[in-house]
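Chain and residue survey
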Amino acid sequence: MLEGMNDPSHLFGDTAVVFDLDGTLVDSEPNYFKASLGTLARYGVHDFTWADHETYVGISTLETIAIWRRRYGIEASAAELLADLNVRYLDIARADTHVFPQMRLFVERLHAAGVPMIVASGSSPEAIGTILTGTGLIAQLPRHVSADEVAHGKPAPDVFLEAARRLGVTPARCVVLEDAAPGARAAHAAGMRCIALPYVAAQADDPAFTAADLLFKGGQEEFTARAACDWLERSARSS
């Protein structure tokens, strides 16, 4: 039992937790940026910047590719682009994917307390599984759902609603952790509470974040497992 927990199974009531993956559990955005540079260069795009990449944070890989094809006039099919990007990304991700330390601690505390958890991400199912396995998070987070498996990606609520269905809980029981404004909007649209920790600092004042139930405006630098657990405990007692 964790120090200071007298009865972990009752600390968080009937709460279920839904985690975004990229930028929330793991700092994978630099890896996606590197993979994007390689894929876009293959199709003649050589001026893609980190600032450009930040505009895609929080939307699904398939939606990102659709925008690329329109914006850059790429004639290759979406399937071809996706396959190229996935190969590049997975090669990079297997070698180096960093889990945010406080987020890992938070997952461990929730797991010890028996809280139902699932990952709901815009990444492909293969990418999600690879990251969770490679980082060891799969031990506490064996369940996941990809936006590729639902009709619409974030900011539509589909992936979060499917996550609740797979957990066997109502959306109202769920708390979503999100680093991107589209994900925060999706959580609200799903009727779920939201803990927001903006990955892109300049977006911290976005209404999707300011409307969050708990906002760590400084993102991962401000987030702590203790603060998140304390908020979940207070929420459970007041519900």
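Residues numbered from 1 in each chain as written. Predicted model: local features only at pLDDT ≥ 70, side-chain atom pairs only at ≥ 80, totals over all residues. Heavy atoms only, no water.

1. Brief notes about unusual backbone geometry
Backbone phi values are negative for most residues with the exception of glycine, while trans is the configuration of most peptide bonds. Selection criterion: Numbered from the N terminus, helices here are DSSP runs of H or I no shorter than four residues, and strands are runs of E no shorter than two.
In this structure, the amide linkage connecting K154 to the following residue, P155, adopts the cis form with an omega of 15 degrees. Residue placement: P155 occurs in the loop between β3 (144-146) and α8 (158-167).

2. Some points on the pairing of strand β4 (residues 174-178)
Note the following rule: The rule is simple: take the accessible area with a 1.4 Å probe, protein chains only, and divide by the maximum for that residue type; under 20% is buried, over 50% is exposed, in between is partly exposed. In this analysis, strands are considered paired if DSSP registers two or more bridges between them. When the strands point away from the viewer, a crossover counts as right-handed if the path from the first strand over the helix to the second runs clockwise.
Of all the five residues making up β4, five are buried; the element is thus mostly covered by neighbouring parts of the structure. Burial along β4 is two-sided: the residues C174, V176 and E178 and V175 and L177 are all buried. Here strand β1 (residues 16-19) pairs with β4 via four bridges, running parallel. Across the sheet, the residue bridging to F19 is L177, located in β4. Remark: the β4/helix α9 (residues 181-189)/strand β5 (residues 193-196) crossover connection has right-handed handedness.

3. As for the side chain of D179
Here is the rule we go by: In summary, the charge assignment counts Lys and Arg as positive and Asp and Glu as negative, without counting His or the chain termini. A pair is scored as a salt bridge if a Lys or Arg side-chain nitrogen falls within 4 Å of a carboxyl oxygen belonging to Asp or Glu. Side-chain atoms alone can form a polar contact between residues adjacent in sequence; in general such a contact is a pair of N or O atoms within 3.5 Å, and within protein one must be able to donate a hydrogen while the other accepts it. Only heavy atoms matter for contacts: two residues are in contact if any of them lie within 4.5 Å across the pair.
Secondary-structure assignment places D179 in the loop between β4 and α9. Buried charge without a partner: D179 forms no salt bridge, and the closest opposite charge is K154, 6.6 Å away. A polar contact is formed between the side chain of D179 and the side chain of T24, at a distance of 3.1 Å. Apart from the residues lying within four places of it in its own chain, the contact partners of D179 are D20, D22, G23, T24, V57, L197, P198, Y199 and F209.

4. Some points on the state of the cysteines
Quick note on the threshold: Cysteine sulfurs are considered disulfide-paired once they come within 2.5 Å of each other.
Applying the stated rule across the entire model yields zero disulfides. Left unpaired, C174 is separated from the closest cysteine sulfur, that of C194, by 12 Å. Its sulfur unpaired, C229 is 16 Å from the next cysteine sulfur, which belongs to C194. You can call C229 buried: its relative accessible area is 3%.

5. So, the nonpolar core
One recurring pattern in soluble globular proteins: nonpolar side chains tend to sit buried together. This is how the line gets drawn: Among the buried residues, those of types Ala, Val, Leu, Ile, Met, Phe, Trp, Tyr and Cys that are joined through side-chain atoms within 4.5 Å form a nonpolar core.
Core analysis: the biggest nonpolar cluster contains 52 residues, and F19, L25, M103, F106, L110 and L177 have the highest contact counts within it. For this core, the element with the most residues is helix α5 (residues 78-95), which contributes six residues. In this view, L25 contacts F19, D20, H98, V99, F100, M103, V107, V119, L137 and L141; residues no more than four positions away in its chain are not counted.

6. What about the confidence of the model for the chain?
What counts is decided by this rule: pLDDT expresses, on a scale from 0 to 100, how confident the predictor is about each individual residue.
In this model, the chain carries an average pLDDT of 93, and 96% of its residues clear a pLDDT of 70 or more. Segment residues 1-7 is flagged for pLDDT under 50; beyond a separation of four residues in sequence, or across chains, it makes six contacts in the model.

7. Side note on the packing of helix α2 (residues 29-42) against helix α4 (residues 61-72)
Operational definition: Orientation is described by axes fitted as lines to C-alpha atoms, over the contacting stretch for helices, and by angles from 0 to 180 degrees between their N-to-C directions. By definition, turning the near helix anticlockwise from the far helix through less than a right angle yields a left-handed crossing, and turning it clockwise yields a right-handed one. Ten residues, namely Ala, Val, Leu, Ile, Met, Phe, Trp, Tyr, Cys and Pro, are considered nonpolar, four, namely Asp, Glu, Lys and Arg, are considered charged, and the remaining ones, Gly among them, are considered polar.
Where α2 meets α4, the closest approach of the two axes is 13 Å, and the angle between their N-to-C directions is 40 degrees. As for the relative orientation of α2 and α4, their crossing is right-handed in sense. Listed contacts from α4 to Y32, S36, T39 and L40 of α2 are T61, W68 and Y72. Here the residues of the contact of α2 with α4 sort into four nonpolar, three polar and no charged.

8. A closer look at the pattern of salt bridges
Where charged atoms of side chains with opposite charge meet at close range, the side chains can pair. Counting across every chain of the model gives twelve salt bridges. The partner of R165 in a salt bridge is E162, and the shortest N-O contact between them spans 2.7 Å. Here the residue R165 and the residue E162 both occupy positions in helix α8, the gap between them amounting to three residues, near one helical turn. Given the relative accessible area of 58%, R165 is considered exposed. In this structure, the salt-bridge partner of E233 is R237, at a minimum N-O distance of 3.9 Å. With E233 and R237 both in helix α11 (residues 225-238) and four residues apart, the pair spans about one turn of that helix. Since its relative accessible area comes to 61%, R237 is described here as exposed.

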